[in-house]
Amino acid sequence: MQPRQGKPLLPYAEALQMLEARLAPSNPKQENIALSQAHNRILAQDVALDRDEPPVARSAMDGYALRSADGMEKRRVVATYFAGTAGNQVLAAGQAAQVMTGGTVPDGADCVVPVERIRREGDWLWIEEEPKPGRHVRQAGEMGRKGRVLLRSGHCLGTGDLGVLAGCGLSQVEVFRQPRVVVLSTGDEVVPHTTLPAAYQVRDSNRLLSCMQLQGFGAQVIHHQHVPDQPELLEEAVGQALAQADLVLTIGGVSMGDKDFLPQVFRQLGVETLFHKLAIQPGKPVWVGFHQQCWVMGLPGNPLSSFVVLELLGRLVVHRLAGGKQRFPRPMCLASLQGRVRSKARPRFLPARLLDSNPGWTAVDSVATELPSLQPCTESGSGDWTSLANANALLFLAPHQDLQAGAAVRYLPLSQP
Ligand code: AMP
Ligand code: MG
């Protein structure tokens, strides 16, 4: 096999564009699920208010609903409205109604005076502040009229959204089916992570890691297994996976070694190549293609490479296959670098930890004027799986950078806290 000398590697931005172009018409199947299962799922329906909210004027305070036109005159208290009391009263001139927060403000009343600003003797009420129309009243429909669309199809449901779904009266929600993924790790030296490996063997740390990443992106891992570096066995496993999955993810075996059989296996199975090799560090050997409706992503075996490639490319593929519409690349955040980092000719992504010792970051009542500090994890190369310990960010370096402590750097937050 001849190395492709001199041919420039595909830039990362172009790879994303190629993926986007190919993924655009994704139209996943839908399913109807309970709200309690809907976190992180992608909506396949619009969600709108099913009534005016609030349907009637309600009090924002514990106090007294009254007519501002009566000025500072004493009033007679003619009713009490707790939250949950149906409103049927119309206040006449000189009348007031006691109201609790959330209680109906009766017709005729146009403001609420808080209980702290009144004096009451029996049924008589004196107020100590000038009543102003609309004060402390949540007006009917102020959150929106029936039919106001709050969430659109294609949106990924966060925790706040689940409260919105419940507020709209939904018990079930229409979401897109999660993409089904088969994960195949490869390598004769790779043994189950639960065994004690010989000195020439490595534990299969990537398979579990990849499965967890995929689930975090919104995929359903329907099967995962290890396959030795044998073309027939690889062909059988990939062939079976293509028949069942929306995405087949392989780990290892896509580089230039004599036992890196996967590109050849993909070709034999009729998988079309979208690209092979990318200008990023780590992750250069990545292979991406598709077979009919099924995507194939061949991650490099080195643990840091597989992690980074899955985060940068796999997240996009899974999100689109799941019906999501988020833009990629995701916007990066800014931090102040701790330590020194360098890159060579390729853009570089390094595991790093966002430190929580920054005073501007932790003080709730002061404005954060300083950038959070970002510490690169100690890393001895793309095979260094220990560098993922404590990582909660991917530090980004443009090509040919040599940055010192204190430099402003960009990073992608990882999903872990
Ligand atoms: P490869 O891309 O197959 O040449 O593998 C590159 C390096 O990653 C080798 O040193 C492998 O031992 C290691 N590696 C491959 N697969 C895994 C895995 N599933 N878990 C941990 N390390 C792996
Ligand atoms: Mg290998």
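Below you will find a few notes about this structure. In this text, all values refer to a predicted model and were calculated from it rather than measured experimentally.

**Focus on the side chain of Asp-260**
Tracing the chain through its elements places Asp-260 in the loop between β18 (247-251) and α5 (262-268). Here Asp-260 is buried and forms no salt bridge, its nearest opposite-charge partner Lys-277 lying at an N-O distance of 8.6 Å. Among the polar contacts listed, one links the side chain of Asp-260 to the backbone nitrogen of Gly-257, at a separation of 2.7 Å. Each residue touching Asp-260, except ones within four places of it in the same chain, is listed here: Gly-253, Val-254 and Ser-255.

**Observations concerning the site of ligand 1**
Near ligand 1 lie 17 residues; those nearest to it are Glu-189, Asp-204, Gly-253, Gly-301 and Asn-302. When isolated, ligand 1 has an accessible area of 480 Å², and the protein chains bury 78% of it.

**Points about the packing of helix α3 (residues 205-217) against helix α6 (residues 303-321)**
In contact at an axis separation of 10 Å, α3 and α6 are set at 25° when each is read in the N-to-C sense. For the element pair α3 / α6, the angle class is roughly parallel. By crossing handedness, the relation of α3 to α6 is classed as right-handed. Mapping the contact onto sequence places Ser-205, Asn-206, Leu-209, Ser-210, Gln-213, Leu-214 and Phe-217 in α3 and Pro-303, Ser-306, Phe-307, Leu-310, Glu-311, Gly-314, Arg-315 and Val-318 in α6. Tallied by class, the residues present in the contact of α3 with α6 amount to 7 nonpolar, 6 polar and 2 charged.

**Digging into the packing of aromatic side chains**
Under the defined criterion, the tally for this structure stands at 4 aromatic pairs. Between Tyr-12 and Phe-349, the ring centres sit 5.8 Å apart and the planes meet at 80°, which makes this aromatic pair edge-to-face. Of this pair, Tyr-12 sits in helix α1 (residues 12-23) while Phe-349 sits in strand β25 (residues 348-354), placing them 337 residues apart in sequence. Judged on exposure class, the residue Tyr-12 and its partner Phe-349 are both buried. Considering the side-chain rings of Phe-266 and Trp-287, the 4.4 Å spacing of their centres and the 40° angle between planes classify their relative orientation as tilted.

What counts and how
Residues numbered from 1 in each chain as written. Chains lettered and ligands numbered in written order. Predicted model: local features only at pLDDT ≥ 70, side-chain atom pairs only at ≥ 80, totals over all residues. Heavy atoms only, no water. Helix = DSSP H or I, 4+ residues; strand = E, 2+ residues; numbered from the N terminus. Buried < 20%, exposed > 50% of the residue type's maximum accessible area, 1.4 Å probe, protein only. Lys, Arg positive; Asp, Glu negative; His and termini not counted. Salt bridge = Lys/Arg side-chain N within 4 Å of Asp/Glu carboxyl O. Polar contact = N/O pair within 3.5 Å; in protein donor to acceptor, adjacent residues only side chain to side chain. Contact = heavy atoms within 4.5 Å. Near = heavy atom within 4 Å. Areas by Shrake-Rupley, 256 points an atom, 1.4 Å probe, with all protein chains shown as cover. Axes fitted to C-alpha atoms, helices over the stretch in contact; angles between N-to-C directions. Parallel < 35°, antiparallel > 145°, perpendicular 65-115°, else oblique. Left-handed = near helix turned anticlockwise from the far one by under 90°. Nonpolar A, V, L, I, M, F, W, Y, C, P; charged D, E, K, R; others polar. Phe/Tyr/Trp six-rings, centres within 6.5 Å; stacked < 30°, edge-to-face > 60°.

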